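Here's the letter readout for the chains.
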Amino acid sequence: MTEERRDNIDLFKYYGEQKKVEHELLTHRMSWYMLSQSFLIISFTTCLGHTVPPVNYFLYIIPILGFSTTLLIWPAIYGAITTINMWHDKKYKFIKQLILDCKTGCKMGCRRWCRTGRCPEIGAHTIDRHYLSISPTAVERRDDIHLNSLLFAKYHPLIFLILWLGVLIMDGYGLFDKGWL
């Protein structure tokens with residue numbers, strides 16, 4: 001195995017491992033966030049059922065807490081998504097360069113790689129099918145599956161932010177005291 005090939009295999013594995021680590025980090029952040037929000041929603045609905053006249057202060061404190069935790073977690077979630085996209089782009093550019101080298105004639109003699117999905121440059125690792133259709137003149141494109149998999153994490157804090165803001169506004173108008181909900 002040549003030194004260049006070993007470096008390519010190590011780089012390919014490294015990009016994949018870093019992307020996996022960031023996905024796990026995002027999963028843990030989302031799990032803790034969802035858990036905290038569910039406890040806040042449960043405590044808020046419990047307070048709705050046990051309002052004590054004249055004012056139940058927990059009906060104001062819990063939405064403010066939910067709103068503030070959402071604002072605090074949002075940069076962490078967005079940062080993980082940005083880092084995942086960065087590693088995805090690096091791996092994509094690396095694979096695109098391998099494909100370009102392969103189509104122009106690489107030293108390893110892997111001209112049939114584009115049909116089989118395997119290249120001696122990265123060992124036995126199979127490349128995803130969406131990379132195989134890249135032509136040397138094609139513009140860089142993002143993987144739709146990759147982008148769609150991050151939509152939940154990207155927009156879920158926004159949904160809770162709107163929910164808690166709506167609850168605070170409804171509290172301000174006293175809609176919970178009038179028995180509307």
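Reading the values: the criteria
- Residues numbered from 1 in each chain as written.
- Predicted model: local features only at pLDDT ≥ 70, side-chain atom pairs only at ≥ 80, totals over all residues.
- Heavy atoms only, no water.
- Helix = DSSP H or I, 4+ residues; strand = E, 2+ residues; numbered from the N terminus.
- Buried < 20%, exposed > 50% of the residue type's maximum accessible area, 1.4 Å probe, protein only.
- Contact = heavy atoms within 4.5 Å.
- Areas by Shrake-Rupley, 256 points an atom, 1.4 Å probe, with all protein chains shown as cover.
- Core = buried A, V, L, I, M, F, W, Y, C linked by side-chain atoms within 4.5 Å.
- Phe/Tyr/Trp six-rings, centres within 6.5 Å; stacked < 30°, edge-to-face > 60°.
- Expected span 1.5 Å × (residues − 1).
- Arc of directions from axis to C-beta.
- pLDDT = per-residue confidence, 0-100.

Below, the discussion takes up the overall build of the chain. If you tally the helices and strands in the chain, you get five helices and zero strands. Counted from the first residue to the last, the chain has its helices and strands arranged as α-α-α-α-α. Across the 181 residues of the chain, 33% fall into the buried class. Sequence-distant contacts in the chain: of pairs separated by 6 or more residues, those separated by 24 or more amount to 75%. When the accessible surface of the chain is summed, it comes to about 11300 Å², and 64% of that surface belongs to carbon and sulfur atoms.

Turning to the nonpolar core, a few remarks are in order. Soluble globular proteins tend to bury their nonpolar side chains together. One finds Leu-26, Phe-44, Ile-62, Ile-77, Ile-81, Ala-153 and Trp-164 to be the most contacted residues of the largest nonpolar core, which totals 18 residues. Counting only elements with at least two residues in this core, the list comes to helix H1 (3-49), helix H2 (58-103) and helix H5 (151-172). The leading source of residues in this core is H2, at seven residues.

The next point concerns the side chain of Thr-70. Assignment of secondary structure puts Thr-70 in helix H2. When neighbours within four sequence positions are excluded, Thr-70 is seen to be in contact with Tyr-33, Gln-37, Pro-157, Phe-160, Leu-161 and Trp-164.

Inspection of every chain in the model, using the stated rule, returns seven aromatic pairs. Ring geometry for Tyr-14 versus Trp-87: centroids 5.5 Å apart, planes at 85 degrees, classification edge-to-face. Residue Tyr-14 is found in helix H1, and its partner Trp-87 is found in helix H2; the two are separated by 73 residues along the sequence. Relative accessible area serves as the criterion here: at 38%, Tyr-14 is assigned to the partly exposed category. Taking 6.1 Å as the distance between ring centres and 80 degrees as the angle between the ring planes, the aromatic pair formed by Tyr-15 and Phe-94 counts as edge-to-face. Placement of the pair is Tyr-15 in helix H1 and Phe-94 in helix H2, with a sequence separation of 79 residues.

The next thing to look at is H5. Counted at 1.5 Å a residue, the expected span for H5 with its 22 residues is 32 Å, and the 32 Å between its end C-alpha atoms agrees. Of all the residues in H5, the buried ones are Ala-153, His-156, Pro-157, Phe-160, Leu-161, Trp-164, Val-167 and Asp-171. Buried residues in H5, looked at end-on, bunch into an arc of 135 degrees, giving them a common side. What points out from H5, more than 90 degrees from its buried face, is the exposed set Ile-159, Ile-162 and Gly-172. A positive phi of about 75 degrees marks Gly-174, the residue just after H5.

With that settled, the discussion passes to the confidence of the model for the chain. Per-residue confidence for the chain gives a mean pLDDT of 76, with 65% of residues at or over 70. The weakest mean pLDDT in the chain belongs to helix H3 (residues 113-116) at 50; the strongest belongs to H5 at 89. Of the regions scoring below 50 in pLDDT, residues 135-142 engages in 16 contacts with residues more than four places distant in sequence or in other chains.

Following the sequence through the fold, Pro-157 ends up in helix H5. The spatial distance from the C-alpha of Pro-157 to the C-alpha of Tyr-33 is 8.6 Å, given a sequence separation of 124 residues. The residues contacting Pro-157, other than those within four sequence positions of it, are Tyr-33, Thr-70, Trp-74 and Ile-77.

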